[in-house]
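# Observations on the three-dimensional arrangement
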Amino acid sequence: SGQATFTVNALPTASISGGGTFCAGVTPTAVTVSLIGSPLWQVSYTLNGIPQTINSSTSTISLGNSAGTYILTSVTDALCTNSASGTVSIVINTAP
């Protein structure tokens, strides 16, 4: 009889940060996603309800600093896919 070896790979994870409320004329801080897993990564998210996908070989991804609501939906690394969650918003207040 033969032997079989199985490797159980950890699921990739993603956490989102940044966002906030900014005054008009002030450049908002970028929304970033920190990743754990095996490079290369693909992160899926929505920006104001519109599906977006970004690829990266680094463990931190900038999603930009456009006003709106960013919601993580999934993360894929070189080995596995996992659901992702987390929401941040960038709000720009108009000048008084």
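See the structure shown above.
Residues numbered from 1 in each chain as written. Predicted model: local features only at pLDDT ≥ 70, side-chain atom pairs only at ≥ 80, totals over all residues. Heavy atoms only, no water.

### Section: the packing of aromatic side chains
- One pass over the structure, following the stated rule, counts one aromatic pair.
- When the ring of Tyr 45 is compared with that of Tyr 70, the centres are 6.4 Å apart and the planes differ by 20°; the resulting orientation is stacked. Taken together, the residues span a long stretch of sequence, with Tyr 45 in strand β4 (residues 41–47) and Tyr 70 in strand β7 (residues 68–76) at a distance of 25 residues. Tyr 70 matches Tyr 45 in its accessibility class, with the two residues each being buried. (Phe/Tyr/Trp six-rings, centres within 6.5 Å; stacked < 30°, edge-to-face > 60°. Helix = DSSP H or I, 4+ residues; strand = E, 2+ residues; numbered from the N terminus. Buried < 20%, exposed > 50% of the residue type's maximum accessible area, 1.4 Å probe, protein only.)

### Focus: the nonpolar core
- The biggest cluster of nonpolar side chains holds 18 residues, and the ones touching the most others in it are Ile 16, Val 33, Leu 35, Val 43, Leu 63, Tyr 70 and Leu 72.
- Of all the secondary-structure elements, those providing two or more residues to this core are β1 (13–17), β3 (31–36), β4, β6 (60–64), β7 and β9 (87–93).
- A total of four residues in this core trace back to one element, the largest contributor, which is β4.
- Setting aside chain neighbours within four positions, we find Leu 35 in contact with Thr 13, Ala 14, Trp 41, Val 43, Thr 58, Ser 59, Ile 61 and Val 75. (Core = buried A, V, L, I, M, F, W, Y, C linked by side-chain atoms within 4.5 Å. Contact = heavy atoms within 4.5 Å.)

### Observations regarding the sheet that holds β1
- Strands sit in the order β1-β3-β6 across an open sheet of three strands; the sheet is antiparallel. Each edge of the open sheet carries a strand with a single partner, namely β1 and β6. In this sheet, neighbouring strand axes are inclined to one another by 25° on average, regardless of whether the strands run parallel or antiparallel.
- With five bridges joining them, β1 and β3 adopt antiparallel strand pairing. Paired with Thr 13 across the strands is Ile 36, a residue of β3. (Pairing = 2+ DSSP bridges. Axes fitted to C-alpha atoms, helices over the stretch in contact; angles between N-to-C directions.)

Treat this as a map of the structure, not an account of what it does.
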